[in-house]
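# Structural overview
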Amino acid sequence: MKTIISPSILAADFSILGQQIQEIEKSGAEYLHIDVMDGVFVPSISFGMPVIASIRPKTALFFDVHLMIVEPIRYVETFVKCGADMITFHLEAAGERTAETIDRIHGLGCKAGLSIKPDTPVAALKPYIRQTDMILIMTVEPGFGGQKYIEASTEKIRETRRLLEEYGLQTDVQVDGGITTGNVSIVKEAGANVIVAGSAVFRGNIGENIDKLLG
Ligand code: DX5
Ligand code: ZN
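Here is a short report on the structure shown in this document. Since this is a predicted model, take the numbers as computed values, not measurements.

## Some thoughts on the overall build of the protein chain
From N to C terminus, the protein chain includes nine helices and eight strands. At 16 Å, the protein chain has a C-alpha radius of gyration in line with the 17 Å of a compact globule built from 215 residues. Expressed as a percentage of the 215 residues in the protein chain, the buried residues total 53%. Counting only carbon and sulfur atoms, one obtains 51% of the accessible surface of the protein chain, whose full area is about 9400 Å². Computed over 20 positive and 27 negative side-chain charges, the inter-centroid distance for the protein chain is 2 Å.

Put into structure tokens, the structure is as follows:
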């Protein structure tokens, strides 16, 4: 499967965000990973709608919006209006409203991704596996950039890819958290094809870092 790099702007210098997005656009990355945190589902608060709406006209990159918020269904329409191309939300946050949330996102003409935290088993994804455009396996506890990759994630990625194969699906598998040039080949080999990277992209030269991650 083709590898897609999705730089996470959580690690960007927000005082020159537009400039840094232009650098990403010139690189081999196709997605822009946009982390929205509410201070409830995760301890931290990042940024929200006005930031996404203001960068939308500046770039053609695919907006990969990662919602780390409670009750994601309340906000999906607003995020689509702000320019999201895909909305990924957490199974742990949507609970019984997971299927309805995916349908709502699709009804808005947007792609829907479903994410699980490190402690949630892959089997929990099963009821939604045919409905989902992308599965996001969190490889750190969501909430902060710059954390260390949780080694046990490799087996979860492998299990997810196996599960998709059992269903005859070629769904994208995204990984997010602690991905570096040192472990990117491991997650790819395990079955991930959409690679989120924050620190590994924005620390140093953005274009060179993306080239290295693409391998
Ligand atoms: C963490 C976020 C990630 C974060 C990744 O909760 O979802 O997208 O920005 O940052 P790095 O690549 O630095 O671990
Ligand atoms: Zn993220």
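## Concerning the nonpolar core
Of all hydrophobic cores here, the largest spans 57 residues; its most connected members are Ile9, Leu32, Ile34, Ile87 and Ile157. No other element matches helix H3 (residues 76-82), which puts four residues into this core. Every residue in contact with Ile87, bar those within four places of it in the chain, is listed here: Val65, Leu67, Val76, Phe79, Val80, Ile105, Cys110, Lys111, Ala112 and Gly113.

## Brief notes about the coordination of the zinc ion (ligand 2)
Ideal geometry at a metal centre: 109.5 degrees between donors when four sit tetrahedrally, and 90 or 180 degrees when six sit octahedrally. Ligation of the zinc ion (ligand 2) by protein atoms is provided by His33 (NE2), Asp35 (OD), His66 (ND1) and Asp176 (OD), these donors lying 2.0 to 2.2 Å from the ion. If you look at the zinc ion (ligand 2), its six donor atoms make angles of 70 to 171° with each other, and the shape they trace is octahedral. Of the residues examined, His33 reaches a relative accessible area of 0% and is grouped as buried. With a relative accessible area of 4%, Asp35 lands in the buried category.

## A short note on the sheet that holds strand S4 (residues 86-90)
Here eight strands make up an open sheet; going across it, the order is S1-S8-S7-S6-S5-S4-S3-S2 and the pairing parallel. This sheet does not close on itself; its edge strands, each paired only once, are strand S1 (4-7) and strand S2 (31-37). Adjacent strand axes in the sheet meet at a mean angle of 25°, parallel and antiparallel pairs treated alike. Judged from the two bridges that link them, strand S7 (residues 172-176) and strand S8 (residues 194-197) form a sheet pairing that is parallel. For Val175, the partnering residue across the bridge sits in S8 and is Ile195.

## Considering the environment of Pro57
Summarising the element assignment, Pro57 is placed in the loop between helix H2 (49-55) and strand S3 (62-68). Judged by relative accessible area, Pro57 falls into the exposed class, the value being 67%. A sequence separation of 26 residues divides Pro57 from Gly83, and the C-alpha atoms of the two residues are 8.8 Å apart.

## Re the layout of surface pockets
One number sums up the size of the largest pocket: a volume of about 330 Å³. Along the walls of the largest pocket sit 27 residues, with Phe144, Gly145, Gly146, Gly177 and Gly178 positioned nearest its centre. Only S2, S3, S8 and helix H8 (199-202) provide two or more residues apiece to the lining of the largest pocket. Considering only enclosed or pocket space, the second largest pocket measures out at about 160 Å³ in volume. As for the second largest pocket, its lining consists of Val36, Met37, Asp38, Val40, Phe47, Gly48, Met49, Ile69, Val70, Tyr75 and Phe79. Partitioned by chemical class, the residues of the lining of the second largest pocket number nine nonpolar, one polar and one charged.

## What about the site of ligand 1?
Looking at ligand 1, there are 20 residues lining it, with Asp35, Gly143, Asp176, Gly198 and Ser199 nearest. Within the contact set of ligand 1, an oxygen atom lies 2.8 Å away from a side-chain nitrogen or oxygen of Ser8. Taking Gly143, its main chain carries an N or O atom lying 2.7 Å from an oxygen atom of ligand 1. Within the complex, 98% of the 380 Å² of free accessible area of ligand 1 lies under protein. When atom positions are compared with the pocket grids, ligand 1 is found to occupy the largest pocket. Elements with a contribution of two residues or more to the shell around ligand 1: S2, S3 and S8. No other element matches the three residues that S2 contributes to the shell around ligand 1. Of the residues contributing to the shell around ligand 1, the split by class is eight nonpolar, 10 polar and two charged.

## Thoughts on the state of the cysteines
Per the counting criterion, the structure on display carries zero disulfides. You can see Cys82 has no disulfide; the closest cysteine sulfur is in Cys110, sitting 11 Å from it. The class for Cys82 is buried, based on a relative accessible area of 11%.

About the criteria used
Residues numbered from 1 in each chain as written. Chains lettered and ligands numbered in written order. Predicted model: local features only at pLDDT ≥ 70, side-chain atom pairs only at ≥ 80, totals over all residues. Heavy atoms only, no water. Helix = DSSP H or I, 4+ residues; strand = E, 2+ residues; numbered from the N terminus. Rg over C-alpha atoms; globule rule 2.2 N^0.38 Å. Buried < 20%, exposed > 50% of the residue type's maximum accessible area, 1.4 Å probe, protein only. Areas by Shrake-Rupley, 256 points an atom, 1.4 Å probe, with all protein chains shown as cover. Lys, Arg positive; Asp, Glu negative; His and termini not counted. Charge placed at Lys NZ, Arg CZ, Asp CG, Glu CD. Core = buried A, V, L, I, M, F, W, Y, C linked by side-chain atoms within 4.5 Å. Contact = heavy atoms within 4.5 Å. Donors = N, O, S within 2.8 Å, 3.2 Å for Na, K, Ca; no water. Tetrahedral: all angles 85-135°; square planar, octahedral: opposite > 155°, others 65-115°. Pairing = 2+ DSSP bridges. Axes fitted to C-alpha atoms, helices over the stretch in contact; angles between N-to-C directions. 1 Å grid on protein atoms, 1.4 Å probe; cavity = no way out; pocket = protein on both sides within 12 Å on 5 of 7 lines; lining within 4 Å. Points joined across faces, edges and corners; volume = space filled by probe spheres on them. Nonpolar A, V, L, I, M, F, W, Y, C, P; charged D, E, K, R; others polar. Near = heavy atom within 4 Å. Polar contact = N/O pair within 3.5 Å; in protein donor to acceptor, adjacent residues only side chain to side chain. Sits in = over half its atoms within 2 Å of the grid points. Disulfide = S-S within 2.5 Å.

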